[in-house]
Amino acid sequence: MNISVIIPTFNEEENIEACISHLLAATANNDVQIIVSDGGSRDNTVEIAQKVGATVITSPIKGRAGQMNYAINFATAPVYYFVHADAKPPSTFLADIENAIQKKYNCGCYRSCFDSKQLLLKLNAFFTRFDVLFCRGGDQTIFVTKQLFDEVGGFNNEMLIMEDYDFLAKIRKKGSFKLIPKSTLFSARKYTENSWLTVQKANLKVVRMYKKGASQQDMIDTYKRMLNYRKNAF
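Residues numbered from 1 in each chain as written. Predicted model: local features only at pLDDT ≥ 70, side-chain atom pairs only at ≥ 80, totals over all residues. Heavy atoms only, no water.

A few words on the pairing of strand β6 (residues 107–114). Of all the eight residues making up β6, six are buried; the element is thus mostly covered by neighbouring parts of the structure. With three bridges connecting them, β6 and strand β7 (residues 142–145) associate as antiparallel partners. Counted as the bridge partner of C109 is I142 from β7. The sheet contact formed by β6 and strand β8 (residues 177–186) spans eight bridges and is parallel. If you follow S112 over to β8, its bridge partner there is T184. (Buried < 20%, exposed > 50% of the residue type's maximum accessible area, 1.4 Å probe, protein only. Helix = DSSP H or I, 4+ residues; strand = E, 2+ residues; numbered from the N terminus. Pairing = 2+ DSSP bridges.)

Here we come to the packing of helix α1 (residues 16–26) against helix α2 (residues 45–52). Two elements in contact, α1 and α2, have axes separated by 9 Å at closest approach and are oriented at 20°. As summarised for this structure, α1 and α2 are arranged roughly parallel, according to the angle between their axes. Taken as a pair, α1 and α2 cross one another with a handedness that is right-handed. Of the residues in α2, those touching α1 at I16, E17, I20, S21 and L24 are T45, I48, A49 and V52. The class makeup of the residues in the contact of α1 with α2 is six nonpolar, two polar and one charged. (Axes fitted to C-alpha atoms, helices over the stretch in contact; angles between N-to-C directions. Parallel < 35°, antiparallel > 145°, perpendicular 65-115°, else oblique. Left-handed = near helix turned anticlockwise from the far one by under 90°. Contact = heavy atoms within 4.5 Å. Nonpolar A, V, L, I, M, F, W, Y, C, P; charged D, E, K, R; others polar.)

With that out of the way, let us pick up the packing of helix α9 (residues 196–211) against helix α10 (residues 216–226). At a minimum axis separation of 10 Å, α9 and α10 run at an interaxial angle of 170°. The angle between α9 and α10 falls in the class roughly antiparallel. Here α9 contributes T198, K201, A202, N203, K205, V206, M209 and Y210 to the contact with α10, which in turn contributes D218, M219, T222, Y223 and M226.

Coordinates in, geometry out; function isn't part of it.
Here you go:
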């Protein structure tokens, strides 16, 4: 199956090689395009991604939403799969997505789990089995057909935070959504730099702000104030 995997990056030298290597190992001998859309990294992200075998582009727009939209200009497949740099989807992701498409689903994602044995993170992971938007959070790997992506207008270029949540809301409304009953493995780095409760409070606060129509800058400032987490990513 033809699929374009799109990974937005900014200073992800610690994660990008493992992510790309995992994707390539899972798709050996299959027609899969891996595009890294970089937002101007000041570390070795670009060099590492090129060395491992991805197509690397530099987006003129910084921010995951803009970087992912820009990457579409280079995508050649009829299905897009958006993956975070600290994510490792199930090794069966190609077959899983193909199976979903064959069953007339045109968008979807996986459940989530974390590379940590912390009990509270297992609780977080448990709730991602429920097919409701609130349980999706920001840690996702989202697949969508080109047709549906174009129909909803892609990601909102102006969003620097909550872009996945916003995009999921749009494709769930317009498309046929499939929650695949397997889990993508994500880094628990946000939780190792902050307490579980602090992260939950920050996430809940920002979601509430988003729903009330708060500005991107207000949400970013709130997130930075509440969390010690990759502050240079915004």
